[in-house]
Amino acid sequence: MSKATTSTQTFFSEKIFSYLNEAYNYSLLINNDDHIAEKQLVRSCKDAAWFSEYLSPETDTRIWLFRIMIKIVEDQNQENNISTDTSSTEQVT
């Protein structure tokens, strides 16, 4: 692992760690389900880690993390609506 990669990961970890509780509470508020909130937080952290190389010292990490989480929530809601719509349609004969 290169020195640049290690410093990027350390920077990312330090910046994001302070917002994890806040992000979890946001997801819990939206979903009212701790299991879903935990899954969304984990996915948000994975996505954030994947794109951490684009994180600069000027980036507002809180807003950046929440944008990732909001996108995940929107995607999951859309998936749920599609599966609900598909299952509720009646077969016409």
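As a starting point, this report considers the structure included with it. As the structure is a prediction and not an experimental result, all values here were calculated from the model.

Focus: the pattern of salt bridges
Two side chains bearing opposite charge may form a pair once their charged atoms approach each other closely.
Logical step 1: Tallying each qualifying case throughout the model produces two salt bridges.
Logical step 2: A salt bridge links Asp75 to Lys71; its shortest N-O distance comes to 3.3 Å. Residue Asp75 and its partner Lys71 are located together in helix α4 (residues 61–88), separated by four residues, close to a single helical turn.
Logical step 3: For Lys71, a relative accessible area of 46% puts it in the partly exposed group.

Some details on the side chain of Ser52
Logical step 1: Within the fold, Ser52 resides in the loop between α3 (34–50) and α4.
Logical step 2: With relative accessibility at 9%, the residue Ser52 sits in the buried group.
Logical step 3: Engagement of the side chain of Ser52 in a polar contact is seen with the backbone oxygen of Ala49, the distance being 2.9 Å.

Focus: the nonpolar core
Logical step 1: Formed by 14 residues in total, the largest nonpolar core has its most connected members in Ala23, Leu41, Ala48, Trp64, Leu65, Ile68 and Met69.
Logical step 2: Elements represented by at least two residues in this core include exactly α2 (20–31), α3 and α4.
Logical step 3: At seven residues, the largest contribution of residues to this core is made by α4.
Logical step 4: Contact partners of Ile68, with chain neighbours within four places excluded, come to Ser44, Asp47 and Ala48.

Procedures and definitions
- Residues numbered from 1 in each chain as written.
- Predicted model: local features only at pLDDT ≥ 70, side-chain atom pairs only at ≥ 80, totals over all residues.
- Heavy atoms only, no water.
- Salt bridge = Lys/Arg side-chain N within 4 Å of Asp/Glu carboxyl O.
- Helix = DSSP H or I, 4+ residues; strand = E, 2+ residues; numbered from the N terminus.
- Buried < 20%, exposed > 50% of the residue type's maximum accessible area, 1.4 Å probe, protein only.
- Polar contact = N/O pair within 3.5 Å; in protein donor to acceptor, adjacent residues only side chain to side chain.
- Core = buried A, V, L, I, M, F, W, Y, C linked by side-chain atoms within 4.5 Å.
- Contact = heavy atoms within 4.5 Å.

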